[in-house]
Amino acid sequence: MTVIAWDGKTLAADRMMEMHGGKFPVSKLQRLEDGSLMGGAGDLPRVYEMQNWIADGRKPGELRQPVGDAYARVLLVKPCGTALVFANNEFPIHILRPFVAIGSGQDYATTAMHLGKSAAEAVAIASELCSGCGMGIDLLEF
Amino acid sequence: MPFTPYTFTSAQLTDIRRHCGYPALGDGNVVFPYPWIMKTYLALEYRLQHMSADEGNVVVNTYLANLTTLENAIPGTSANLDTDQAAVWTHNKNEQRDRDMLFDSWRRRLCNFLGVPPGPNFGGASNSLVV
């Protein structure tokens, strides 16, 4: 589920959450105290767990191991524009490309941005094509 | 040299399917709507019918043996649920969770060894929130 896209200027996300086979609209983006922008995809409790750890300063060794199969990715965009992806662990992946997407719709969104679309347009396209994305779009900018 | 696949017993096959998270196979008859349901099993069943003797021994002696031990230890944790602290011994409050995780970890290793994705029952009942 989910598509979160960053195009170097705007962080965009769809709103779909799946629970018991149903679709529910939720907000997936947040702005941290230091101004960083953040969005997550995957198992929602794990997303929150990782986002809380990031918001608390990313202290080494303090992110719990995932319970069972819980898996999440978090995209963190720092005020300087640096995009970091956390793939279910404490270790940031520094994305050097000017755009990046995570979530089940990431392939559609990445391709769209590669072809010149904005993050918002990329999320709209992913929402059209990916069965796990949709129900609206949220945007955040610095 | 002709390849002779390892022959698992029916009980071993049942345990492998179960531990890998695949639902009960029943009689395996392919009748409507089973052509769709049976797709779930294809990779797993193919692997199980084409294991070498050495690979089959690893599955039985390393994985099934340990999984049986780990699985049997989980219900026993119910005996400790009423104890928070006894004498100087402190019960691990997360014993059941930790044992579940260890058990699931070994189930995942078995899937990896067999080269199949975890089955649809791997996560248990669907109460997840996914974004």
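The following paragraphs examine the structure supplied in this document. (Residues numbered from 1 in each chain as written. Chains lettered and ligands numbered in written order. Predicted model: local features only at pLDDT ≥ 70, side-chain atom pairs only at ≥ 80, totals over all residues. Heavy atoms only, no water.)

**A few points about the sheet that holds strand β3 (residues 16-19) of chain A**
The sheet built from three strands is open, its strands ordered β4(A)-β3(A)-β3(B) with antiparallel pairing. Either end of the sheet is taken by a strand with one partner, and the two such strands are β4 (22-25) of chain A together with β3 (129-130) of chain B. Here β3(A) pairs with β4(A) via four bridges, running antiparallel. Residue pairing for β4(A): M16(A) is matched across the bridge by P25(A). (Pairing = 2+ DSSP bridges. Helix = DSSP H or I, 4+ residues; strand = E, 2+ residues; numbered from the N terminus.)

**Thoughts on the nonpolar core**
All names here are of chain B. F8, I16, V59 and L114 are the most contacted members of the largest nonpolar core, which totals 22 residues. At the level of secondary structure, the elements contributing two or more residues to this core comprise α1 (10-19), α3 (42-49), α4 (53-73) and α5 (95-114). Here the element with the most residues in this core is α4; it accounts for six residues. Apart from the residues within four sequence positions on either side, I16 is in contact with F8, L44, L48, V59, L64 and L114. (Core = buried A, V, L, I, M, F, W, Y, C linked by side-chain atoms within 4.5 Å. Buried < 20%, exposed > 50% of the residue type's maximum accessible area, 1.4 Å probe, protein only. Contact = heavy atoms within 4.5 Å.)

**Regarding the packing of α1(B) against α3(B)**
All names here are of chain B. Packing of α1 against α3 leaves a shortest axis separation of 12 Å and a crossing angle of 140°. As for how α1 packs across α3, the hand of that crossing is right-handed. Contact residues: α1 offers L13, I16 and R17, while α3 offers L44, E45 and L48. Classifying every residue of the contact of α1 with α3 gives four nonpolar, no polar and two charged. (Axes fitted to C-alpha atoms, helices over the stretch in contact; angles between N-to-C directions. Left-handed = near helix turned anticlockwise from the far one by under 90°. Nonpolar A, V, L, I, M, F, W, Y, C, P; charged D, E, K, R; others polar.)

**Some details on the pairing of strand β9 (residues 92-95) of chain A**
Residues and elements named next belong to chain A. Pairing geometry for strand β8 (residues 83-87) and β9, over four bridges, is antiparallel. Bridge assignment links V85 to a residue of β9, and that residue is I93. The hairpin formed by β8 and β9 contains four residues between the paired strands, and N88 there has a positive phi angle of roughly 70°.

**Re helix α3 (residues 119-129) of chain A**
Residue and element names in this part refer to chain A. The set of residues buried in α3 consists of A119, A122, V123 and A126. The buried side chains of α3 occupy one side of the element, clustering within an arc of 100° when seen end-on. Contacts made by the buried residues of α3 are with β1 (4-6), β2 (10-14), α2 (106-114) and β11 (137-141). (Arc of directions from axis to C-beta.)

**Comments concerning the sheet that holds β1(A)**
Residues and elements named next belong to chain A. Across the sheet, which stays open at both edges, the four strands sit in the order β10-β1-β2-β11 with antiparallel pairing between neighbours. Edge strands, defined here as strands with exactly one partner in the open sheet, are β10 (100-102) and β11. Each neighbouring strand pair of the sheet contributes to a mean axis angle of 15°, computed without reference to strand direction. As judged from the three bridges shared by β1 and β2, these two strands associate in the antiparallel manner. Of the residues in β2, the one forming a bridge with A5 is A12. Together, β1 and β10 form the strand contacts of α2, whose direction differs from that of β10 by roughly 165°. The strands touched by α3 within the sheet are β1, β2 and β11, with β2 carrying the most contacts at an inclination of about 15°.

**Describing α5(B)**
All names here are of chain B. For α5, spanning 20 residues, the distance from its first C-alpha to its last is 29 Å, which sits close to the expected 28 Å at 1.5 Å a residue. Taken residue by residue, α5 has E95, F103, D104, W106, R107, L110, C111 and L114 as its buried positions. Seen end-on, α5 carries its buried residues on one side only, within an arc spanning 160°. As for α5, its buried residues are in contact with α1, α3 and α4. Immediately downstream of α5, the backbone of G115 shows phi near 75°, a positive value. (Expected span 1.5 Å × (residues − 1).)

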